[in-house]
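Residue-level structural notes
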Amino acid sequence: MKKLLSGNEAIALGAWEAGVQYASAYPGTPSTEILENFALYPGIKAEWASNEKVALDNAIGASFGGARTIAVMKHVGVNVAADSLMSLSYTGVKGGLVLVSADDPGAFSSQNEQDNRQYARFGKFPCLDPADSEDARRFMATALEVSERSQTPVLLRSTTRLSHSKSVVEFTEPQAREFQPLPKFEREGEVTRVIIPAIARRRHPEIEQRLQAVAEWAESAAINRLEWGDKRIGVLSTGIAYQYVREIFAGYSILKLGMSYPLPLDKIRAFATEVEELIVVEELDPFIEDQLRAAGIKVAHGKDIFPLCGELTLAKVRAGAIQAGVPVEPLPGKVAPLAELAIPSRPPALCPSCPHRAFFYNMARQKRHAMIAGDIGCYSMGVMEPYKSMDMLISMGASIGMAHGFKQAGGQESAVATIGDSTFFHSGLSPLAAAVYNHVNITVAVLDNRITAMTGQQENPGTGITLQGEAGREIDIAEVVRAMGVTFVEEVDAWDVAAVAKTLKAAMQHQDGPAVMVVRGACIFTPHFKPQASLQVDPEKCIACGVCFKVGCPAILKSERIYEKTGKQQTKIDPLLCTGCTVCQQVCPVGAIERGSE
Amino acid sequence: MIKHKNFLFVGVGGQGVLTASDIAAQVGLDLGLDAKKSEVHGFSQRGGVVESHIRWAPRVGSPTCEKGTVDVLLAFELLEAARWIDWLKPGGDIIVNRQQITPMSVNLGQANYPDAEALLAALEKRAGRVIPVEALPLAEKAGNVRTINTVLLATLSALLETDPQLWENAILRRVPKRYAEVNKVAFKLGQAAAKK
């Protein structure tokens, strides 16, 4: 059958077709849909791990047991898993193990745009770079074969543009398959899987040889493909960048690399001597270009004409080609941007009835006494108008450690950490242990919306539902925190403005180690959330004071009606957007907001 | 016979832009062409701007269009048509839902939503055909506000002079069965909107 699949759907399909039996992942844009799709296939086990290192460790155990396996994460997640990853290269694998890293050039929904191909060179294992969904599907099988043949972990690197684009894939309809138990565990004579110093020293030269062997295989591997054309220009490209090259450099010779590490240097050298000028087009770092220059291969153009930062586009590749003096087909002309009218920006906002709203409304009222360390999730939007209640944010789970350090270094304000439920289980437990142990007076607000929300509502240890929809064990955050020795633990209804205010104030005044408040309310996209009748504004009562705008709800709008005493616009509520959470009603000083008739 | 078409669908998170673009890509395949589509989600789900590119050609390379090469800009919201106008190719067409969704910056009084007629006039100056559609009232008339995307796809099918049945079938394959009838009605209303 012929179907349009996203890169992520194709990676899942390729993994299933290639016999992957176990997969583990932590959700993160743009990688999330890979495991969501893989989980739907028969005869496999797929799980959400509590973080990316756990996901990789799960996969390592599966591989050592003999199963084909994948671990899936976004680019910054690989940083979390890197401790195991770097030594996994030394231990090698038994069942094929592929680490899927979904990078985010352009940082559409990430804190940086690191180029994870660098991990392949750093860790000394191969990196495959698919250019469309069909590649993604096929390369998964190749990656697993390479992994098993050379006993190496293999990185399969996607990018946002590949993961979230759909292109045609041809495949046969997946058939039923039974889950296969592993053969009896055979204790091996040699203990390369136990990476103590003596073994590590012995393994290091072996992995250098292994890399060499993969490079030799790459010289004739089908994934590195020559497309001969006009030989005045030869373009070397990889990943999604190849698609831009194919259009802009149409008619010229192209060497499409399916693997950016290790490189088939002889093949590239031969290509370079056949063409008059060698141009390298790659997204982000000059990863291939640097390797070619180090090998003494003459590169006419690379990062001198193509941007180092940001996602590549047809327009950027066109501009680079023109700069290199390559004759390219011109554009038909331009349409002027609409400059005569000011176009207001449309930043994302917390949804109507979002359970984070009352907390950030209160945080904004308290922020003159506080330093607020944030974390990764929808609640990162606490930094935006009208709250402006986040002072630092750097990585998953970092809020608690940053608040701790700020306080211990002598910070005079209250230090508040805001962290989501999934992020808390990801990497909030160990910094909380450090704060309890060192008796640090910080406030930790666990914004528990009962789901991993920002990535599209994935289950987590706090919800107790597994990726494959089974009932697992739900972990109670307040109980865990109490067991860790926190002396201030309070749960509060996320939509009760006064209760959140009271708890927040008390937590900030707590002087016996960390104070933890668990702000509980289900994300509006979960089945737990029950929408209510929309609210409306009584124009006879509204005094146009604007307090309701401070809750930052997309459903609260300026009305055409004017409050006569001040000449200001009154408020109205969009009945299509409002789901009746009452946060605005609670803050209205004159009781002008009431339940609509429905 | 259509050989090459670039489409850019834009709107606000939650409007059904991504479903509509899936359907448009599928119609490209059903016409016997290659098709790709590309979008960015993540943060943009939360009431932010959503953009989705769809390309039809005998063989498509890049999944995204290039600024200045879009044949049809389909805007699910009036302001978004204005924001993305410079992606259009000279003489390209615009289908624009007249619905207005005010951004938070406007709610907070930091910016104004431009006058609707002035926006449409500015679009007229830059495009080949501009087809404004009252997609929200039409979807309501069809029986479900979520059929906005069906209304707009029907308008697109009429603008392109392609077989409407291909589009209707692609839509019906995609939506839950219990919504088939409202989508059929919405499709008829959207087709008629193109002819005004």
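Here, the structure is the one placed above.
Residue numbers restart at each chain and count upward from 1, following the sequence in its written direction. By the order in which they are written, chains take letters starting at A while ligands take numbers starting at 1. Under the rules for a predicted model, residues below a pLDDT of 70 receive no local features and side-chain atom pairs below 80 are neither given nor counted, while totals for whole chains, interfaces and linings still include all residues. Hydrogens and water are ignored here; the side-chain numbers use all heavy atoms of the structure.

**Considerations on the sheet that holds strand β8 (residues 165-170) of chain A**
Convention followed: Paired strands, as defined in this entry, are two strands with at least two bridges between them according to DSSP. Under the scheme used here, helices are H or I runs from DSSP no shorter than 4 residues and strands are E runs no shorter than 2 residues, and both carry numbers assigned from the N terminus. In this analysis an axis means a line fitted to C-alpha atoms, helices contributing only their contacting stretch, and an angle means the value between N-to-C directions, from 0 to 180 degrees. The criterion used for residue contact is that any of the two residues' heavy atoms lie within 4.5 Å.
Strand order in the open sheet formed by eight strands is β1(A)-β8(A)-β2(B)-β3(B)-β1(B)-β4(B)-β5(B)-β6(B), and the pairing between neighbours is mixed. Each end of this open sheet is capped by a strand with a single partner; those strands are β1 (2-6) of chain A together with β6 (130-133) of chain B. On average, each strand axis in the sheet is inclined to that of its neighbour by 20°, with strand direction left out of account. Where strand β5 (residues 88-97) of chain B meets β6 of chain B, four bridges bridge the pair, whose relative direction is parallel. When the sheet's bridge partners are listed, Asn-97 of chain B is paired in β6 of chain B with Val-133 of chain B. Strands in contact with helix α6 (residues 133-150) of chain A are β1 and β8 of chain A; relative to β8 of chain A, the strand with the most contacts, it is inclined by about 60°.

**Some points on unusual backbone geometry**
For residues that are not glycine, phi is negative in most cases, and the peptide bond is trans in most cases. All names here are of chain A. Here the amide bond leading from Tyr-261 into Pro-262 is cis, since omega sits at -10°, within 30 degrees of zero. If you trace the backbone, Pro-262 turns up in the loop between β12 (259-261) and α10 (265-274). With omega at 0°, the peptide bond leading from Glu-385 into Pro-386 counts as cis. The topology assignment puts Pro-386 in the loop between β14 (370-373) and α14 (398-408). With a phi angle near 45°, Ala-107 is a residue other than glycine that sits in the positive phi range. By secondary structure assignment, the location of Ala-107 is in the loop between β5 (97-103) and α5 (117-123).

**A closer look at the interface of chain A and chain B**
Put simply, the rule reads: Two parts lose some accessible area (1.4 Å probe) when they are put together, and adding that loss for both gives the buried area. Think of a salt bridge as a Lys or Arg side-chain nitrogen and an Asp or Glu carboxyl oxygen that are within 4 Å of each other. Polar contact criterion, stated in full: a pair of N or O atoms within 3.5 Å, where within protein one must be able to donate a hydrogen and the other to accept it, and residues adjacent in sequence count only if both atoms are side-chain atoms. Note on residue classes: Ala, Val, Leu, Ile, Met, Phe, Trp, Tyr, Cys and Pro are nonpolar, Asp, Glu, Lys and Arg are charged, and everything else, Gly too, is polar.
Taken residue by residue, the interface counts 57 residues in chain A and 61 residues in chain B. Taking both partners together, chain A and chain B bury about 4900 Å²; carbon and sulfur atoms supply 60% of that area. The interface formed by chain A and chain B includes seven salt bridges. Where Glu-66 of chain B meets Arg-318 of chain A, a salt bridge forms, and the shortest distance between an N and an O atom there is 2.6 Å. Where chain A touches chain B, the interface holds 22 residue pairs in polar contact (both at pLDDT 80 or more). With six residues, helix α9 (residues 241-248) of chain A is the largest single contributor of residues to the side of chain A that touches chain B. When grouped by side-chain class, the residues that make up the side of chain A that touches chain B number 35 nonpolar, ten polar and twelve charged. When β8 of chain A meets strand β2 (residues 34-39) of chain B, the two strands line up antiparallel, connected through two bridges. Looking across to β2 of chain B, one finds that Ser-165 of chain A is bridged to Ser-38 of chain B.

**Some details on the pattern of salt bridges**
All names here are of chain A. So the rule is basically this: Type-normalised accessible area, obtained with a 1.4 Å probe on protein chains alone, sets the label of each residue: buried when under 20%, exposed when over 50%, and partly exposed for intermediate values.
Scanning all chains against the criterion turns up 43 salt bridges over all chains. The residue Asp-57 makes a salt bridge to Lys-53 at a minimum N-O spacing of 2.9 Å. Highlighted residues: Asp-57 and Lys-53, both in helix α3 (residues 52-64), separated by four residues, approximately one helical turn. Take Asp-57: its relative accessible area is 30%, and that puts it in the partly exposed class. Overall, the relative accessible area of 27% leaves Lys-53 in the partly exposed class. Here the salt bridges share partners, and the residues they tie into one network are Asp-103, Asp-115, Arg-117, Arg-157 and Glu-282.

**Some thoughts on the nonpolar core**
Generally speaking, nonpolar side chains in soluble globular proteins are found buried as a group. Threshold: Side-chain atoms within 4.5 Å link the members of a nonpolar core, which is a set of buried Ala, Val, Leu, Ile, Met, Phe, Trp, Tyr and Cys residues.
Ranked by internal contacts, the top residues of the largest apolar core, which has 51 residues, are Phe-359, Met-363, Leu-432 and Val-444 of chain A. Among the elements that make up this core, the one with the highest residue count is strand β16 (residues 442-448) of chain A (five residues). Setting aside anything within four residues of it in sequence, one finds Leu-432 of chain A in contact with Ile-400, Phe-424, Val-444, Val-481, Met-484, Val-486, Pro-514 and Val-516 of chain A. Counting 44 residues, the second largest nonpolar core, distinct from the first, contains Val-27, Leu-29, Leu-33 and Leu-153 of chain B.

**Let's talk about α10 of chain A**
Residues and elements named next belong to chain A. Definition in use: To be clear, the arc concerns the directions from the helix axis to the C-beta atoms.
Turning to α10, its buried residues number three or more, namely Lys-267, Ile-268, Phe-271 and Ala-272. Seen from one end, α10 has its buried residues packed into an arc of 135°, which puts them on one side. Exposed and oriented more than 90 degrees from the buried face of α10 are Asp-266 and Thr-273. On its buried face, α10 sits against α8 (197-220), β9 (225-227), β10 (230-238), β11 (252-257), β13 (277-281) and α11 (287-294).

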